Amino acid sequence: DWLKELASNLQKSDVMQIVKDFEWASVGSPPTLAQYQRGKPEGSLVEIAAAAWPKGSATLSKDSYSALCREIEDQKLNPVQAIERILAKDTGKAARGYDVDKVRRAVAKSLREGSPQQAAAALEAITKWRGIQVGEGDAQAVRQYPAFYATVQAMKAHVNENADFYELREIGEMAEAFLTLARRMSASDNQV
């Protein structure tokens, strides 16, 4: 009975838990053709799990967007530097949802801490990304597109929130850059 209660509590929780002093477990019924034999692992499951995943062994990959975003925030890069680093990054796979959010937040923070002139220069850097230049869309650009679009979203949100504080020169530069960006995004290669 206590085992059923324990299993019920563990299944209700979204957080993974390791139960100490639990020496065996059954993950499910074996396939019908499989030969099933009861067994007990040497040592407790906690010891087996600790050997498989030692504490402190989880580190960020040097090639991840998470590591890059942390680096951007730690070094307090200006918006142009942050965007150029993000757009130059190729992790070998497309950014997932949580990476896209981290990229967007890192760019937004950099824009908040920068000047209107830096924001205008950062938008210019976005318009020059090779992935939206005619003839430059390749597999790497396709992988980088989610991170690129996250920078565009952060820039749009920043301008929407802060345009009232900009001089007319920056507003004009940004309006022209947004038009260039829209034109290039709609006329990019078929691959992107």
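All values reported here derive from a predicted model rather than from experimental measurement. (Residues numbered from 1 in each chain as written. Predicted model: local features only at pLDDT ≥ 70, side-chain atom pairs only at ≥ 80, totals over all residues. Heavy atoms only, no water.)

Undergrad: Residue-level account of the nonpolar core, with values.
TA: Judged by nonpolar contacts, the single largest core of 36 residues is most densely connected at Ile83, Ile126, Phe148 and Met155. Mapped onto this core, the elements with two or more residues apiece are helix H3 (65-75), helix H4 (79-88), helix H5 (97-113), helix H6 (116-127), helix H7 (139-162) and helix H8 (168-186). It is H7 that contributes the most residues to this core, 8 residues altogether. Other than its neighbours up to four places away in sequence, Met155 contacts Ile83, Leu111, Ala119, Ala122, Leu123, Ile126 and Phe178. (Core = buried A, V, L, I, M, F, W, Y, C linked by side-chain atoms within 4.5 Å. Buried < 20%, exposed > 50% of the residue type's maximum accessible area, 1.4 Å probe, protein only. Helix = DSSP H or I, 4+ residues; strand = E, 2+ residues; numbered from the N terminus. Contact = heavy atoms within 4.5 Å.)

Undergrad: Could you give an account of H3, naming the residues involved and the relevant values?
TA: Turning to H3, its buried residues number three or more, namely Tyr65, Ser66, Ala67, Leu68, Cys69 and Ile72. In this fold, the buried residues of H3 make contact with H4, H5 and H7. Count one or two residues on from H3 and you reach Lys76, which has phi positive near 50°.

Undergrad: With reference to specific residues and values, describe the packing of aromatic side chains.
TA: Inspection of the entire model under this criterion finds 4 aromatic pairs. For the pair Trp129 and Tyr145, a centre-to-centre distance of 6.5 Å together with 45° between the ring planes defines the contact as tilted. Remark: Tyr145 occurs in helix H7 and Trp129 occurs in the loop between H6 and H7; sequence separation between them is 16 residues. Note on Trp129: relative accessible area 4%, which makes it buried. Overall, Tyr145 belongs to the partly exposed group, its relative accessible area being 26%. For the ring pair Tyr145 and Phe148, a centre distance of 5.5 Å and an interplane angle of 45° mean the geometry is tilted. (Phe/Tyr/Trp six-rings, centres within 6.5 Å; stacked < 30°, edge-to-face > 60°.)

Undergrad: Tell me what's going on with the environment of Ala147, and back it up with residues and numbers.
TA: Structurally, Ala147 can be placed in helix H7. Expressed as a C-alpha distance, the spacing of Ala147 and Ile83, which sit 64 residues apart in the sequence, is 9.7 Å.

Undergrad: An account of the confidence of the model for the chain is requested, with residue identities and associated values reported.
TA: Per-residue confidence for the chain averages 80 on the pLDDT scale, and 67% of its residues sit at or above 70. Taken element by element, the chain is modelled with least confidence in helix H2 (residues 45-52), mean pLDDT 68, and with most confidence in H4, mean pLDDT 94. (pLDDT = per-residue confidence, 0-100.)

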